[in-house]
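Coordinates in review
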Amino acid sequence: MFEKDKIYIRRELHDKYGGNRRSGISKSNKYNIIMLFYGHEGKKYGYEDDWKDGIFYYCGEGQMGDMEFKRGNKAIRDHLKDGYELHLFENMSNGKVKYIGQFVCIGYKFKENYDIEGNIRKIIIFKLIPYEKHV
């Protein structure tokens, strides 16, 4: 479906697969896939996405208040049960994204962080591993 390390134009991904064009968590309305987008600019909005010890820690969605398990956050948490694949993309520039690979959510943790208004809140950090390590 996607080619590892290939650069895609995000708009074209949504034209073909559907999903929310603005959210970091984009559940397709045409296929059983969820596209996850991350980038360094996310830190400005209180998101923390990073690799550590073979696990990719992906911050849930929501810029204000405590994050909850609804919409995209629920979709990630329940993707295996619901039969959806997770596909991770890194934001590059000018609407381009780099495909990192297919992942599986193996859990999550809660952490305190600031929202966009500077208020302390609870965020969800998903633990993702490459699909091939899960099989």
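Residues numbered from 1 in each chain as written. Predicted model: local features only at pLDDT ≥ 70, side-chain atom pairs only at ≥ 80, totals over all residues. Heavy atoms only, no water.

1. A look at the overall build of the chain
Looking only at helices and strands, the chain features four helices and eight strands. Over its C-alpha trace the chain gives a radius of gyration of 14 Å, about what one expects of a compact globule, namely 14 Å for 135 residues. The buried share among the 135 residues of the chain stands at 44%. Long-range contacts, defined here as pairs at least 24 residues apart, represent 54% of the contacts in the chain between residues at least 6 apart. (Helix = DSSP H or I, 4+ residues; strand = E, 2+ residues; numbered from the N terminus. Rg over C-alpha atoms; globule rule 2.2 N^0.38 Å. Buried < 20%, exposed > 50% of the residue type's maximum accessible area, 1.4 Å probe, protein only. Contact = heavy atoms within 4.5 Å.)

2. A closer look at the packing of aromatic side chains
The tally for this structure, following the rule as stated, stands at 17 aromatic pairs. Judged by centre distance (5.3 Å) and plane angle (25 degrees), the ring pair of F37 and F89 falls under stacked. One end of the pair, F37, is in strand β3 (residues 33–38); the other, F89, is in strand β6 (residues 85–91), with 52 residues separating them in the sequence. A relative accessible area of 4% places F37 in the buried class. Since its relative accessible area comes to 0%, F89 is described here as buried. Site record: aromatic cluster; members linked through ring pairs are F2, Y8, Y17, Y31, F37, F89 and Y99. Here the guanidinium or amino end of R10 rests over the ring plane of F37, the centre of that ring lying 3.7 Å away. (Phe/Tyr/Trp six-rings, centres within 6.5 Å; stacked < 30°, edge-to-face > 60°. Lys NZ or Arg CZ within 6 Å of the ring centre and 35° of its normal.)

3. Considerations on the nonpolar core
One finds L36, Y58, I76, L88 and L128 to be the most contacted residues of the largest nonpolar core, which totals 26 residues. The dominant element in this core, judged by the number of residues it contributes, is strand β8 (residues 120–130), at six residues. Of all hydrophobic cores here, the second largest spans 10 residues; its members include F2, Y17, M35 and F37. (Core = buried A, V, L, I, M, F, W, Y, C linked by side-chain atoms within 4.5 Å.)

Just geometry here; none of it tells us what the structure is for.
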